[in-house]
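Structural overview for review
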Amino acid sequence: MDTANKNTSPTLKSRIQNGDVVYGMSLLTFSPTVAEIAALAAFDFVLIDMEHGHGSLPEALPCLHALAAAKTPAIIRVPDSSSSFWARKAIDLGAQGIVFPMIQSPQSAAKAVSFCRSPVGPAARASRYGLDGECEKDVLVICQVESPEAVECAEEIAAVEGVDMIMVGPLDLSAGIGCLRNPKDERVMEMVDCVEKKVLGAARKQGGGPFLGRFGTAQDSPEIYRDRGYRLIRVNLDVALFRNACIQDVNNFKSTKLF
């Protein structure tokens, strides 16, 4: 088999394992044009959000094509972690990472890992339609901790074989304790600190991963993420960036008081 044209660019997973800190954004509009602009703007990855976004698998595929053309990895957050359907489909389409939301226990983490271990078939885009027979090993398995119950067992979740990253979201944690949109609440910050310590402690015990990922906020400085050991950071969403740009543009125009 001729594999001379096989893509030799480092995968997102290998970059993180080799010490890189990667920065990306979320795509909720499922617009291939917006995905392409994000890639050309030099984000390290784009997270296609099927949990909170406006589309599903058929709408995700054109975005994956746009990102691949610009040599930018895609992560897909699946809408449900209890079934293998979404993860297997997302991997077949060529996602380099899968975010599993609402992982509550080591048992649910182990189930998520198992969903990513099925061999990718020769008809799948991920395998380059049969030219790459080992693509599933490059998938970054990301478990999202977003409830007080999950925080309690974060170390056990991190210790599950095959979990590559624990994703922390202060906004999600704030919702879990009834103070939605207040990620700076003292109780939320305590839970974030707890997860960080447990995951980094598990990583030291295991001699490497899992790594820490963060759904951050624009109020946090990049130095905070670096100093606290995060390897993957997503701060902005396409809809929020566009909203803010529109508001700023209108305000700039109307502030001239000509109208």
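Starting from 1, residues in each chain are numbered consecutively following that chain's sequence as written. The predicted nature of this model means local features are confined to residues of pLDDT at least 70 and side-chain atom pairs, given and counted, to a pLDDT of 80 or more, with totals for whole chains, interfaces and linings taken over all residues. Side-chain metrics in this entry use all non-hydrogen atoms of the structure; hydrogen atoms and water are not considered.

Stated formally: UniProt positions are given in the numbering used here, feature names are shortened, and annotations may be inferred rather than shown by experiment.
Under the annotation held in an unreviewed UniProt entry, the protein chain carries the name HpcH/HpaI aldolase/citrate lyase domain-containing protein and is attributed to Stylosanthes scabra. If you open the UniProt record of the protein chain and go to Sequence similarities (unreviewed entry), you find "Belongs to the HpcH/HpaI aldolase family."

1. Observations regarding the UniProt feature "domain: HpcH/HpaI aldolase/citrate lyase" (unreviewed entry) in the protein chain
To be explicit about the condition: Each helix corresponds to a stretch of at least 4 residues labelled H or I by DSSP, and each strand to a stretch of at least 2 residues labelled E; elements are numbered beginning at the N terminus.
According to UniProt, the feature "domain: HpcH/HpaI aldolase/citrate lyase" (unreviewed entry) maps to residues 25-245 in the numbering used here. A helix fraction of 43% and a strand fraction of 18% characterise residues 25-245, whose end C-alpha atoms lie 16 Å from each other.

2. Comments concerning the packing of helix H3 (residues 57-69) against helix H4 (residues 84-93)
The condition is simple: In this analysis, axes come from line fits to C-alpha atoms, helices being fitted only over the stretch in contact, and the angle between any two N-to-C directions falls in the range 0 to 180 degrees. Here is the rule for angles: anything less than 35 degrees is roughly parallel, anything more than 145 is roughly antiparallel, 65 through 115 is roughly perpendicular, and the remaining ranges are oblique. For any pair of crossing helices, the crossing counts as left-handed if the nearer helix is rotated counterclockwise from the farther one by less than a right angle, and right-handed if it is rotated clockwise. Only heavy atoms matter for contacts: two residues are in contact if any of them lie within 4.5 Å across the pair. The classification used treats Ala, Val, Leu, Ile, Met, Phe, Trp, Tyr, Cys and Pro as nonpolar, Asp, Glu, Lys and Arg as charged, and all other residues, Gly among them, as polar.
Between H3 and H4, the shortest axis-to-axis distance is 10 Å and the interhelical angle comes to 25°. As far as their axial angle goes, H4 and H3 are roughly parallel. Here H3 runs over H4; the crossing is right-handed. Residues Leu57, Leu61 and Leu64 of H3 pack against Phe85, Trp86, Lys89, Ala90 and Leu93 of H4. Its residues assigned to classes, the contact of H3 with H4 shows seven nonpolar, no polar and one charged.

3. Section: the nonpolar core
The test is simple: Buried Ala, Val, Leu, Ile, Met, Phe, Trp, Tyr and Cys residues that are joined via side-chain atoms within 4.5 Å together make up what is termed a nonpolar core. Only protein chains enter the accessibility calculation, which uses a 1.4 Å probe; a residue whose area is less than 20% of its type maximum is buried, one above 50% is exposed, and one in between is partly exposed.
Counting 62 residues, the largest nonpolar core has Ile48, Ile76, Ile98, Phe100, Ile157, Ile166 and Val195 as the members making the most contacts within it. A total of six residues in this core trace back to one element, the largest contributor, which is helix H9 (residues 186-206). The residues contacting Phe100, other than those within four sequence positions of it, are Val78, Ser81, Ala87, Ala112, Phe115, Cys116, Val141, Ile142, Cys143 and Gln144.

4. Re the confidence of the model for the protein chain
Going by this rule: As a per-residue measure, pLDDT reflects the predictor's confidence and takes values from 0 up to 100.
Taken over all residues, the pLDDT of the protein chain has a mean of 92, while the share at 70 or more is 96%. Overall, residues 1-5 carries pLDDT values under 50, and its contacts beyond four positions in sequence, including any with other chains, amount to five contacts.

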